[in-house]
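Fold and geometry: a report
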Amino acid sequence: MTPLVFLEIAHGTPEYLQELALRDEVLRRPLGLVLTDGDVSNDAEQLHFGLFDADGSLTACVVAVPATLSKAKIRQMAVSPALQSQGLGRRLMEALEKELRARGFHEFELHARRSAEGFYHRLGYTTEGGEFTEVTIPHVKMLKR
Ligand SMILES: CC(C)(COP(=O)(O)OP(=O)(O)OC[C@H]1O[C@@H](n2cnc3c(N)ncnc32)[C@H](O)[C@@H]1OP(=O)(O)O)[C@@H](O)C(=O)NCCC(=O)NCCS
């Protein structure tokens, strides 16, 4: 297995700038969009994590938002395009959930792109409610308790 390290990313650091670049590349450019000030306006209050390779390059990132004392919302999940479908997304989500459980969160919620719904299903998330549009594409709300 690739020796990747799971690390928290502090806001405003060079690692955070790598995260912004990855979010823009993976989550916005393919939709013909760019990461906007609105997308990052609450970043300083949110929890950022990534999988880094031995050179310190960010391979995958995710953001968690405490919603209540026990519930966290997960957003901005992205794996570097060249490294997708190699288990990194699963590794990052499992490490994130372990970290969040250690911080007292035991309920996770996210808005999944329809195209990624199967990924979250495999990780034990269930779909709740109907489809809605975000960043121009169909999404569903998913939960894991
Ligand atoms: C979706 C994404 C995060 C998944 O990460 P990944 O590293 O490619 O996925 P993994 O290799 O860890 O896959 C884990 C499991 O989910 C499955 N899977 C991965 N992507 C899937 C998808 N889009 N649909 C259905 N199943 C998927 C894999 O087959 C694998 O199944 P297994 O463990 O039973 O063998 C990644 O592909 C990505 O960044 N995609 C573009 C951005 C995006 O859609 N982000 C999510 C926004 S909600």
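Each remark here, short or long, concerns the structure printed above.
This text gives an overview of the structure that appears in the document. Since the structure is predicted, the reported quantities are computational estimates derived from the model, not experimental observations.

1. Describing the environment of K98
Of note, K98 is situated in helix 3 (residues 88-102). A C-alpha to C-alpha distance of 15 Å links K98 and C61, two positions 37 residues apart in sequence.

2. Some remarks on the site of the ligand
Among the 19 residues in the neighbourhood of the ligand, the closest are listed as Q84, G89, R90, G118 and F119. Elements that contribute at least two residues to the shell around the ligand include exactly helix 1 (14-28), strand 4 (71-79), helix 3, strand 5 (107-113) and helix 4 (117-122). Counted by class, the shell around the ligand contains nine nonpolar, seven polar and three charged residues.

3. Considering the sheet that holds strand 3 (residues 58-66)
Adjacent strands of a sheet pair through backbone hydrogen bonds, lying either parallel or antiparallel. With mixed pairing, seven strands are arranged side by side in an open sheet as 1-2-3-4-5-7-6. Whereas interior strands pair on both sides, the edge strands pair on one side only; in this sheet they are strand 1 (5-9) and strand 6 (126-134). Here the strands of the sheet are splayed against their neighbours by 25° on average, with no regard to which way each runs. Looking at chain direction, strand 5 and strand 7 (residues 137-144) are connected through six bridges and run antiparallel.

4. A look at the pairing of strand 3
Counting buried positions along strand 3 gives seven out of nine residues, so the element sits mostly inside the fold. Across six bridges, the pairing between strand 2 (residues 47-52) and strand 3 is antiparallel. What sits directly across from L47, in strand 3, is A64. In this structure, the hairpin formed by strand 2 and strand 3 is closed by a connection of five residues, where G56 is found at a positive phi of approximately 85°. In this structure, the hairpin formed by strand 3 and strand 4 is closed by a connection of four residues.

5. Details of the environment of R91
Mapped onto the secondary structure, R91 falls in helix 3. Between the alpha carbons of R91 and Y125 there is a distance of 15 Å; along the sequence they are 34 residues apart. Discounting residues that sit within four places of it in the chain, R91 has contacts with L4 and L51.

6. Overview of helix 1
Its 15 residues give helix 1 an end-to-end C-alpha distance of 20 Å, which sits within 8% of 21 Å, the value for a rise of 1.5 Å per residue. Buried residues of helix 1: E19, L22 and R23, and no others. Down the axis of helix 1, the buried set is contained in an arc of 105°. They therefore lie on one face. Those residues of helix 1 that are exposed and angled more than 90 degrees off the buried face are P14 and L17. The inward-facing, buried residues of helix 1 abut strand 1, strand 2, strand 3 and strand 4.

What counts as what
- Residues numbered from 1 in each chain as written.
- Predicted model: local features only at pLDDT ≥ 70, side-chain atom pairs only at ≥ 80, totals over all residues.
- Helix = DSSP H or I, 4+ residues; strand = E, 2+ residues; numbered from the N terminus.
- Near = placed C-beta within 6 Å.
- Nonpolar A, V, L, I, M, F, W, Y, C, P; charged D, E, K, R; others polar.
- Pairing = 2+ DSSP bridges.
- Axes fitted to C-alpha atoms, helices over the stretch in contact; angles between N-to-C directions.
- Buried ≥ 20, exposed ≤ 12 C-beta atoms within 10 Å, placed from the backbone.
- Contact = placed C-beta atoms within 7 Å.
- Expected span 1.5 Å × (residues − 1).
- Arc of directions from axis to C-beta.

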